[in-house]
Amino acid sequence: MKREQSPKRISEALGVMLISVLMMLFLSSFITGGMEAHGAGALILKIFLKIFTFGSPILAVAACARRGTYHLPQMNKTFSGYQTLLIVISSIGSIVCIQLLYGSVFPMTISDLGITANTPALTLVLLFFAHAVAPAILEEILFRGVLMRALTIFRGLLAILISSLAFALMHVSLYAFPMVFMCGFILGAAYLSTGSVFATIIIHFSCNAFWFFSALLNAEAPAIALPVMQGLFGVCILMLSAGLPLLKQTFRTIFDEDDVREFVPSSKFWSFPMAVFIAMALAAN
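This write-up is about the structure you can find in this document. In this text the structure is predicted, and so the values were computed from the model without any measurement. (Residues numbered from 1 in each chain as written. Predicted model: local features only at pLDDT ≥ 70, side-chain atom pairs only at ≥ 80, totals over all residues. Heavy atoms only, no water.)

A few points about the packing of aromatic side chains
Line of reasoning, step 1. Applying the stated criterion across every chain yields a total of twelve aromatic pairs.
Line of reasoning, step 2. Residues Phe 154 and Phe 269 carry aromatic rings whose centres are separated by 5.8 Å and whose planes lie at 85 degrees to one another, so their mutual orientation is edge-to-face. Taken together, the positions of Phe 154 in the loop between α4 (121-151) and α5 (156-169) and Phe 269 in the loop between α9 (247-254) and α10 (272-284) put the pair 115 residues apart, joining distant regions of the chain. For the pair Phe 154 and Phe 269, one class covers both residues: buried.
Line of reasoning, step 3. Ring geometry for Phe 212 against Phe 213: centres 5.4 Å apart, planes inclined by 85 degrees, an arrangement best described as edge-to-face.
Line of reasoning, step 4. Classification of Phe 212 by relative accessible area gives buried; the value is 4%.
Line of reasoning, step 5. A residue is classified by how much of its surface remains accessible, and Phe 213, at 46% relative accessible area, is partly exposed. (Phe/Tyr/Trp six-rings, centres within 6.5 Å; stacked < 30°, edge-to-face > 60°. Helix = DSSP H or I, 4+ residues; strand = E, 2+ residues; numbered from the N terminus. Buried < 20%, exposed > 50% of the residue type's maximum accessible area, 1.4 Å probe, protein only.)

Quick notes on the pattern of salt bridges
Line of reasoning, step 1. In this structure the tally under the stated criterion is two salt bridges.
Line of reasoning, step 2. Here Glu 140 makes a salt bridge to Arg 144, at a shortest N to O gap of 2.7 Å. Linking Glu 140 with Arg 144, this pair stays in helix α4, spanning four residues, or about one helical turn.
Line of reasoning, step 3. Note on Glu 140: relative accessible area 0%, which makes it buried.
Line of reasoning, step 4. In this structure, Asp 256 engages Arg 155 in a salt bridge whose closest nitrogen and oxygen atoms are separated by 3.3 Å. Pair noted here: Asp 256 is in the loop between α9 and α10 and Arg 155 is in the loop between α4 and α5, with a separation of 101 residues, a long-range link.
Line of reasoning, step 5. Judged by relative accessible area, which is 35%, Arg 155 ranks as partly exposed. (Salt bridge = Lys/Arg side-chain N within 4 Å of Asp/Glu carboxyl O.)

Focus: the nonpolar core
Line of reasoning, step 1. Counting 64 residues, the largest nonpolar core has Leu 14, Leu 18, Phe 143, Leu 151, Ile 203 and Phe 277 as the members making the most contacts within it.
Line of reasoning, step 2. With residues up to four places along the chain from it excluded, the contact list for Ile 203 reads Val 88, Ser 91, Ile 92, Ile 95, Leu 187 and Ala 190.
Line of reasoning, step 3. Ile 47, Leu 113, Ile 115 and Leu 126 belong to the second largest nonpolar core, which has eleven residues in total. (Core = buried A, V, L, I, M, F, W, Y, C linked by side-chain atoms within 4.5 Å. Contact = heavy atoms within 4.5 Å.)

Things to note about the side chain of Ser 11
Line of reasoning, step 1. One can find Ser 11 in helix α1 (residues 6-32).
Line of reasoning, step 2. Ser 11 sits in the buried class, given a relative accessible area of 0%.

Re the side chain of Ser 271
Line of reasoning, step 1. You can see Ser 271 is positioned in the loop between α9 and α10.
Line of reasoning, step 2. Residue class for Ser 271 comes out buried when judged on its relative accessible area of 7%.
Line of reasoning, step 3. At a separation of 3.4 Å, a polar atom in the side chain of Ser 271 contacts the main-chain amide nitrogen of Glu 12.
Line of reasoning, step 4. Beyond its immediate sequence surroundings of up to four residues, Ser 271 is in contact with Lys 8, Ser 11 and Glu 12. (Polar contact = N/O pair within 3.5 Å; in protein donor to acceptor, adjacent residues only side chain to side chain.)

Here's the deal with unusual backbone geometry
Line of reasoning, step 1. Residues other than glycine seldom take positive phi values, yet Arg 155 does so here, at roughly 100 degrees.
Line of reasoning, step 2. For Val 172, which is not glycine, the phi dihedral falls at a positive 45 degrees.
Line of reasoning, step 3. Along the chain, Val 172 falls in the loop between α5 and α6 (177-194).
Line of reasoning, step 4. When its relative accessible area of 33% is taken as the criterion, Val 172 is described as partly exposed.

Laid out in structure tokens, this is it:
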């Protein structure tokens, strides 16, 4: 593969991948639209469809990588293990603070998980897997481990911005778009700094789990839910501060100031499939 052809082919492949995921999300919504939203059967079907929707392109990219069709760039680990832990803690605190503040202004962006005091244990387990476990693993592998990693040939900042844009557009919510984009940017910065998709899975899962257990607390003990949430907000502020000593180094990583690699010009990013995906996703939002 000639070097000048590689960026265009990568952009085309990523665009096709994102279009397929978007179309499968619409198909999944159509299939489950007439079902009881929080029934056990509907949840099992939603989990299966989510695994298929996000898992299929991930497996396709893995197969292409094994055949040598595409080579995903190597991710550099800028921080040590201890510093990575601080980045994870700080990222969790940052995202939860953003979600709490944004949700207080736009309550419609807070998902109703359908948890009540009478929700069966099996349904709770399925809800936890559907809303906390599966999205964290599948979305991080796709948006950070595949999409963002492939885009790092164009520089780190562009990789973060495009992966965050795709991440936000895939949630198909105009009200939630700014919040999801900011959360995606933090996840992208964490991935670029740590070089580990496992770290971003932990961040994503922790934030999802926070909202699941807050919904559970609100259903089981509504009298103490508000004070507990206020206390957790204070804890998240402290968690956010854990990453402040690493902020300068993180920015240097985002803007590639210490990277000696030769980057592909950003102008070579655009391709017809990528433009089609962005147009379709914007229309859907």
